[in-house]
Amino acid sequence: MLISGAWQNAAAGAGLLAPDGTIRATIFAEMSALAEATGAINLGQGFPDEDGPDEVLDAARRAIKKGVNQYPPGRGSVGLREAIAAHQKRFYDIEVDPEREVLVTAGATEALAATILGLVDDGDEVVTLEPFYDAYGALIALSRAEHRTVPLRLPDFLPDHDDLRKAVTDRTRLIVINNPHNPTGAVLPLDTLELIIELAHEHDALIVTDEVYEHLTFGLPHIPIASLPGAWERTLTISSGGKTFSTTGWKIGWVTGPAKLITAVLAVKQFLTYVNGAPFQPAIATGLALPDEYFEGIATDLTNKRDVLSSGLTRAGFEVFPSEASYFVVADAAPLGYDNAVTLCRELPELAGVVAVPISAFCHEELAGEYASLVRFAFCKRVEVLELAAAQLARLGR
C-alpha cells in the first residue's frame, strides 16, 4: 500500500477505497465511462456540450498569446479578485476587499477541500444537507471530523427546521450548505437561511456555502446567505466560473469571506495546487463583467432545456420533481416498475441509450433507501440532444 496508514484509514472511511485497497471510482466516473463505452447520451455528469461566450474564450486566447502562462499570485490574479469583489457588490450588495477577502482556487472543489481541511479538527462535527455532493462526504472524512446530515424531505427537497435544530450542536464547527442544491435543484427559502444563521450564532459555528449555481435559478432570486444580517462575519462563500460560463474544464473557483477565515483557507490551499489556470483567470474576470442580459439569458436558456427534458421524462412514465435551479432534474422511476435506481442507471444505456445517476449515490447508506428509486438527469446539453434523449427514454414506457 503506497499511502500512509492514517490516510488509508481516512480514505477508506470516506468511501474512496474499495475493500481490496484500490481506488473506488465515483458514480460520475462510472457512469461517464459507461456512456463512452456504449455511445449513450451522457445525462449523468453535469457538464455542458456547448462552449461559453466568445468574449470569455477570446480573453483566454489573448492571455495565452500575451504570455500569461506562468504562476499567478498565490491569492489569484489581481484582475480576477477585483472582478469577484465587483460581482458580489453588483449582484448582492456585498462589500468584499479583493486584497484580503477573496481567494482564487482550482474550482469550487479545491475551495471546499481547503476550507474543510483548514477549519476542522479531530472531534469536530460538520453538518450538511443530504443528499449531498459526493466530495463533501469524502472531504469531511479526510478531515477526520464527524459528518452529520439533515435530510431533504420530499416532495420539495427542503430540510425540516426541527431536523436542522437537532443536527447543529455545540460540537458543530461547520454548517455546509449547497444553495442552489445539487443534486435536487432545490433553492433554500429565506426562513431556512435565517435559521441557519441563528443556529451558527447559538452554537458558535461557521457557515460554508457552495453557490456554484448562483446564476442558474429559474424564476427565483438567488439569496447568498452572506448577504443576510449576522452572517458575513462567520460565512465563507464558494463559487466558480465553470457553470456560469460553460467552462467546467478550466477549474477557476473562488472563496470570499472575512480576512481571518480566508487566511486559514489559504494556509491549506497553498499546499494543494498552490496556483492554477493563469490565462483562464483574466478570462473569467471578463465573464463576471458581462452585461445583465448574459446572466438573464443563461437562466432562460436552461429553463427551456429543463422543460424539454422534464416533459420527455413525464411522457416516458417517470414522476418528475420540480427543479428550481442548477443543471439537474430528479425523476422517480418507481412508476415504471424500477424500485432500484442504481440498477436502472446501469441498464439505461442498453434500454434507452441514456446515462443518468441514482440519487442514492449522494447519500449515506442509512438514508439511501428513502431515495432508492430516484434518478438525477442533467439538462445542460443542446436542445436537440435532450429531445433525442427524451425520445429514446420513451421506450421505457412501452
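In this text the structure is predicted, and so the values were computed from the model without any measurement. (Residues numbered from 1 in each chain as written. Predicted model: local features only at pLDDT ≥ 70, side-chain atom pairs only at ≥ 80, totals over all residues. Heavy atoms only, no water.)

**Describing the side chain of Lys-243**
1) Next: Mapped onto the elements, Lys-243 comes out in the loop between strand E8 (235–240) and strand E9 (252–256).
2) Next: An unpaired buried charge is present at Lys-243: no salt bridge exists, and Asp-210, the closest side chain of opposite charge, is 7.8 Å distant.
3) Next: Those residues in contact with Lys-243 that sit more than four places away from it in its chain are Gly-46, Val-212, Tyr-213, Leu-216, Thr-248 and Tyr-327. (Helix = DSSP H or I, 4+ residues; strand = E, 2+ residues; numbered from the N terminus. Buried < 20%, exposed > 50% of the residue type's maximum accessible area, 1.4 Å probe, protein only. Lys, Arg positive; Asp, Glu negative; His and termini not counted. Salt bridge = Lys/Arg side-chain N within 4 Å of Asp/Glu carboxyl O. Contact = heavy atoms within 4.5 Å.)

**Description of the pairing of strand E2 (residues 102–106)**
1) Next: With 5 of its 5 residues buried, E2 lies for the most part within the structure.
2) Next: Relative to E9, E2 runs antiparallel, the two being bridged by 5 bridges. The partner of Leu-103 across the bridge, within E9, is Val-255. (Pairing = 2+ DSSP bridges.)

**Examining the UniProt feature "domain: Aminotransferase class I/classII large" (unreviewed entry) in the chain**
1) Next: Under the present numbering, the feature "domain: Aminotransferase class I/classII large" (unreviewed entry) in UniProt falls on residues 40–384.
2) Next: Taken end to end, residues 40–384 has its terminal C-alpha atoms 15 Å apart, with 39% of it in helix and 18% in strand. (UniProt positions renumbered as here; feature names shortened; annotations may be inferred.)

**Regarding the sheet that holds strand E5 (residues 158–159)**
1) Next: Pairing within the open sheet is mixed, and its 8 strands lie in the order E2-E9-E8-E7-E6-E3-E4-E5. Looking along the sheet, the strands with just one partner apiece sit at the ends: E2 and E5.
2) Next: Of the strand pairs in this sheet, E8 and E9 are connected by 4 bridges, and their pairing is antiparallel. Following the sheet pairing, Ser-239 is matched in E9 by Trp-254.
3) Next: Those strands touched by helix H5 (residues 107–119) are E2, strand E6 (172–178), strand E7 (206–210), E8 and E9, and its axis lies near 155° from that of E8.
4) Next: Across the sheet, helix H9 (residues 259–269) is in contact with E2, E7, E8 and E9; its angle to E2 comes to roughly 30°. (Axes fitted to C-alpha atoms, helices over the stretch in contact; angles between N-to-C directions.)

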